[in-house]
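# Tertiary structure, described
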Amino acid sequence: MNITRREWVLAFSCWAGASRAQAQQRFTWLDAVSAAEIEAIARQIIPDDDTPGAGRAGVIWFIDGALAGYDQDKRELYTRGLAETQAKREQLFPGSASTASLTADQQVALLQAIEKTEFFQQVRLHTILGFFGHPMYGGNRDMVGWKLIGVEHAMRFEPPFGYYDGAAAK
Amino acid sequence: MSAQYRPTDTVDFIVVGAGAAGGVMAKELATAGFRVVVLEQGPWRHEKDFTHDEVNVMFRSGLTNDHRKQPNTFRKTSGDPAKPQPAVEYGRMVGGGSVHFTTNYWRFHPEDFRERSALGSIPSADLQDWPITYDELEPYYTKAEWELGISGLGGSNPFDGPRSKPYPLPPMPVKSSGVLFERAAKKLGLHPFPAPVAVISQPYRGRAACVHCGFCESFGCEMGAKSSTLAALIPGAVKSGRCEIRPNSYVRKIEVGNDGRVRGAIYFDDAGREIFQRAKAVVVSANGAETPRLLLMSKSKAFPHGLANSSGNVGKYLMFDNGALAVGLFEHPLNEYKSIVVTRVLHDFYRTDPKRGFYGGGGLDSRFDNYPAGFALSGMPKDMPQWGSEWKRAVGQYYTHMNGVLAHTSCLAVEQNSISLDDNVKDAWGLPALRVTFKNHPDDLRAIQFCAERQKEILETAGAKKIWIDPESMAETTYSRHLMGTCRMGDDPHSSVVNRWNRAHDVPNLFLVDGSSLVTCGRQQPTATIQALAYRTADHIQQAARRGEI
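Conventions and cut-offs
Residues numbered from 1 in each chain as written. Chains lettered and ligands numbered in written order. Predicted model: local features only at pLDDT ≥ 70, side-chain atom pairs only at ≥ 80, totals over all residues. Helix = DSSP H or I, 4+ residues; strand = E, 2+ residues; numbered from the N terminus. Rg over C-alpha atoms; globule rule 2.2 N^0.38 Å. Buried ≥ 20, exposed ≤ 12 C-beta atoms within 10 Å, placed from the backbone. Contact = placed C-beta atoms within 7 Å. Expected span 1.5 Å × (residues − 1). pLDDT = per-residue confidence, 0-100. Axes fitted to C-alpha atoms, helices over the stretch in contact; angles between N-to-C directions. Left-handed = near helix turned anticlockwise from the far one by under 90°. Pairing = 2+ DSSP bridges. Parallel < 35°, antiparallel > 145°, perpendicular 65-115°, else oblique. Nonpolar A, V, L, I, M, F, W, Y, C, P; charged D, E, K, R; others polar. Arc of directions from axis to C-beta. Core = buried A, V, L, I, M, F, W, Y, C linked by C-beta atoms within 7 Å.

This part covers the overall build of chain B. Along its length, chain B carries 13 helices and 17 strands. Computed over its C-alpha atoms, the radius of gyration of chain B comes to 22 Å, within 12% of the 24 Å expected for a compact globule of 550 residues. When burial is assessed residue by residue, chain B has 59% of its 550 residues classed as buried. Here the contacts in chain B between residues at least 6 apart in sequence split such that 74% fall between residues at least 24 apart.

Broken down by element type, chain A carries 10 helices and 0 strands. Listed N to C, the secondary structure of chain A is α-α-α-α-α-α-α-α-α-α in terms of helices and strands. Residue burial in chain A is summarised as follows: out of 170 residues, 38% are buried. Considering only contacts within chain A whose residues lie at least 6 apart along the sequence, 55% involve residues at least 24 apart.

A word on unusual backbone geometry. Note that the residue after A:Pro159, namely A:Pro160, is joined by a cis bond; omega there is 0°. Note that A:Pro160 resides in the loop between α9 (144–148) and α10 (163–169). In this structure, B:Ser124 is a non-glycine residue whose phi angle is positive, near 65°. The topology assignment puts B:Ser124 in the loop between α4 (115–119) and α5 (134–148). Classification of B:Ser124 by C-beta neighbours within 10 Å gives exposed; the count is 11. Residues other than glycine seldom take positive phi values, yet B:Ala308 does so here, at roughly 65°. Among the secondary structure elements, B:Ala308 is positioned in the loop between α9 (290–297) and β10 (325–329).

Residue and element names in this part refer to chain A. Counted at 1.5 Å a residue, the expected span for helix α8 (residues 118–132) with its 15 residues is 21 Å, and the 21 Å between its end C-alpha atoms agrees. Across the 15 residues of α8, 11 count as buried, placing the element largely inside the fold. Those residues of α8 that fall on the buried side of the exposure criterion are Phe119, Phe120, Val123, Arg124, His126, Thr127, Ile128, Leu129, Gly130, Phe131 and Phe132.

Right, let's get into the confidence of the model for chain A. Scored by pLDDT, chain A comes out at a mean of 89, with 86% of its residues at no less than 70. Predicted confidence for residues 1–21 of chain A stays below pLDDT 50, and this span has 22 contacts to residues more than four positions away or in other chains.

Let us look at the packing of helix α6 (residues 75–92) of chain A against α8(A). All names here are of chain A. Packing of α6 against α8 brings their axes to within 9 Å, and their N-to-C directions diverge by 115°. Crossing geometry of α6 relative to α8 is assigned as left-handed. For the pair α6 and α8, contact is made by Leu77, Gly81 and Glu84 and by Glu118, Phe119 and Gln122, respectively.

It is worth spelling out the interface of chain A and chain B at this point. The partner chain B presents 35 residues to the 33 residues of chain A that form the contact. Mapped by element, the contributors of at least two residues to the side of chain A that touches chain B are α3 (32–45), α8, α9 and α10 of chain A. Take the side of chain A that touches chain B: its biggest share by element is 5 residues, from α8(A).

Below, the discussion takes up the pairing of β10(B). Consecutive side chains of a regular strand alternate in pointing toward one face of the sheet and then the other. All names here are of chain B. Summarising burial for β10: 4 of the 5 residues are buried, a large majority. In this structure, β10 lies alongside strand β13 (residues 402–409), joined through 5 bridges in antiparallel fashion. Counted as the bridge partner of Gly328 is Asn403 from β13.

Here we come to the sheet that holds strand β14 (residues 418–426) of chain B. Across the sheet, 4 strands lie side by side as β4-β3-β15-β14 (chain B); this open sheet has mixed pairing. Two strands close off the open sheet at either side, each with one partner strand: β4 (83–84) and β14 of chain B.

For the rest of this paragraph, the subject is the packing of α3(A) against α8(A). All names here are of chain A. Taken N-terminus to C-terminus, the directions of α3 and α8 make an angle of 70°; their axes are 10 Å apart at the nearest point. The angle between the axes of α3 and α8 places the two elements in the roughly perpendicular class. Contacts from Ile38, Ile41, Ala42 and Ile45 of α3 reach α8 at Val123, Arg124 and Thr127. For the contact of α3 with α8, the class distribution of residues is 5 nonpolar, 1 polar and 1 charged.

It is worth spelling out the confidence of the model for chain B at this point. Across chain B, the average pLDDT comes to 97, with 100% of residues at or above 70. Two summary scores accompany this predicted model of the complex, namely pTM at 0.96 and ipTM at 0.96.

Below, the discussion takes up the sheet that holds strand β11 (residues 342–346) of chain B. All names here are of chain B. Read across the open sheet, the 6 strands follow the order β5-β11-β12-β13-β10-β16; overall the sheet is antiparallel. This sheet does not close on itself; its edge strands, each paired only once, are β5 (192–194) and β16 (466–469). Averaged over all neighbouring strand pairs, the angle between strand axes comes to 25°, with direction disregarded. Packed onto the sheet, helix α6 (residues 176–187) meets β5, β11, β12 (362–367) and β13 and runs at close to 15° relative to β11. Contacts between helix α12 (residues 442–461) and the sheet are confined to β10, β12, β13 and β16, with β13 contributing the most and set at about 150° to the helix.

The next subject is α6(A). Along an α-helix, a turn takes 3.6 residues, which lines up residues three or four apart on a common side. Residue and element names in this part refer to chain A. A rise of 1.5 Å per residue sets the reference length of α6, with its 18 residues, at 26 Å; its end C-alpha atoms lie 25 Å apart and thus fit the reference within 8%. Tyr78, Gly81, Thr85 and Arg89 are the residues of α6 that are buried. Taken around the axis of α6, the buried residues stretch over an arc of 75°, which confines them to a single face. Among the exposed residues of α6, those oriented more than 90 degrees off its buried face are Glu76, Thr79, Ala83, Ala87, Glu90 and Gln91. Against the buried residues of α6 lie α5 (59–68), α7 (104–114) and α8.

Glancing now at the pairing of β12(B). All names here are of chain B. In terms of burial, β12 is a largely internal element, 6 of the 6 residues being buried. Covered by surrounding structure in β12 are Gly362, Leu364 and Ser366 together with Gly363, Asp365 and Arg367, the residues of both alternating faces. Here β11 pairs with β12 via 4 bridges, running antiparallel. Within the sheet, the bridge partner assigned to Leu346 lies in β12 and is Leu364. Judged from the 6 bridges that link them, β12 and β13 form a sheet pairing that is antiparallel. Bridge pairing links Gly363 to His408 in β13.

Right, let's get into the nonpolar core. Residues and elements named next belong to chain B. By size, the foremost hydrophobic cluster in this structure holds 206 residues, and its most contacted members are Phe13, Ile14, Val16, Met25, Ala26, Val36 and Val282. Considering every element that reaches this core, the biggest residue donor is helix α13 (residues 527–546), with 8 residues. The residues touching Phe13, leaving out its near neighbours within four places in the chain, are Leu29, Phe34, Val36, Ala279, Ala281 and Val283.

For B:Gly220, the position within the fold is in the loop between β5 and α7 (229–232). Non-local contacts of B:Gly220, meaning those with residues more than four positions away in its chain, are made with B:Arg45, B:Phe50, B:Leu63, B:Val99 and B:His100.

So, on to the environment of B:Ala394. Of note, B:Ala394 is situated in helix α11 (residues 389–398). Beyond its immediate stretch of four places on either side in the chain, B:Ala394 contacts B:Met380 and B:Met384.

Structure (structure tokens):
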């Protein structure tokens, strides 16, 4: 609960461009350990690969805002789900310290083992909402979600809209 | 200047619900000289209040009934326990569903009004003729199209009934989805036509034309270009000086006097206070789910089983919207996220064809039904991973390159399918939750299956590289945004709730005007028919009032 954004950035060094104001942002609901674990899951759901993923988009900030506000009733699911995920991790990778510290391949194997659970489906929903939802919720930074799918953010468009209507009009 | 009445003023009409029908009733009655109070449970939003915020609108009930505050319960048959489960959705605001609907504006076909005569009875269903014909309703379809502002091309659908006037506005520009659909359908010998839509393609009566922003379905229009009652009618109702719109006013009971006539409505205001508004007559336009619920909650000595329910049929014969979505992936970008949802439609499979061996059929439209998060969440084909790098790459490639064909298929009226009051679950105001009992008639599912094959053929012919149908959209319907049939119209007071003028058989000064009076549901897309019925009822009320017959 008591982690500043600066500590977060230092710990995971994935927000190179974070502004000074953002650097002082704190989580409202999550604690640092849970946030790191949830973000590790989110970053396998939408990986930061050749294009920005859940990390670069700041999905964890969306999730924190959701659990602090509209989705308060999902807190217990997160707490329980994280505990069950740790148990599964311990079973699959004995001696490992955390989900965040697993290798990428191990993380994928762990998530494949829990992907049918209500917890995973909830994290997937939140990750997707954080990645593709409006940036005002803390995720989808620089509209990376909309850029991924080729959506131009504008208030008005004019025909032709696509290839086929353009070709038909010629 | 908006009128303001005191609860102790006996106004001429209360209209419960300011939606697709209530907005029509408010404007028509107020401009005809009646004093009207509109009680709307939702807020009064304006163009500036509407957003492109998918999280709020699609995932947090931003514009619709919030199931956290107003829970539903659901069961398939009356023998099953009803469990809390969202089952009905409606626009909860001034303008109602007309604010957030997709804007398809089809008329029912002439044969929709007399299917029982044409087809005979259907086992396990209660198919009935309407007491009115298409010809009786036609002038009011036309009136609705002109009052609201509908864009389309009259005469372009060979299966439509006769029209007395063209549409007031030309069709919207065709999108890539429409071009592909039209080309494929013609190759298959079918008859695609430009979609009639409640969006203005040109400036109309002081409203600016659509700018193709792409946030039509489920969203409110920031431009006032969607022809909702909020944009097209409510301003005129208010301007009459005789209509007061009271938002955040949740009616819990319609009061009846010793003479068996309604005398007003009790509602909770924004602060949760109970207020009794007096009126000479009441129009309930609360939608096909909330109207029967309100009647069932309005028990009295005169009506121990619910208001206007001597037939026992209030709430029965609920009809839902059925139909599967087929999706195709194409070589070039379509950019369907721009502009309105539907630009081409076909009705070739609409009529019941006895050769097919089941009742019903469907209207097909070419559409893009997605917003980014909803698409990523559940719009991708299920034969690939649903998370991770491969999925992410596919999501990135698919969004601008795909298009759907949606079927709007028949739904038979079945007595057991119904709205009733839940015995256990209450809403945030302490009122009984809306209980839905619904199980598709077998012919509903056969129509969905039949149309799904046609949808796939069209996408194949259009050259789609990959085609998929969400198996869930082929399953039995458990959730609906089209709420129809629960206070049926008919000539016989023993088997119907309202008469041919949408007046309650049991109560002369009570009118039910919304999806609840529909006897059959055509092939979905009921808004045009609901609004035509509203114009017809408003006309009748004015004439009856002049004769002192209300």
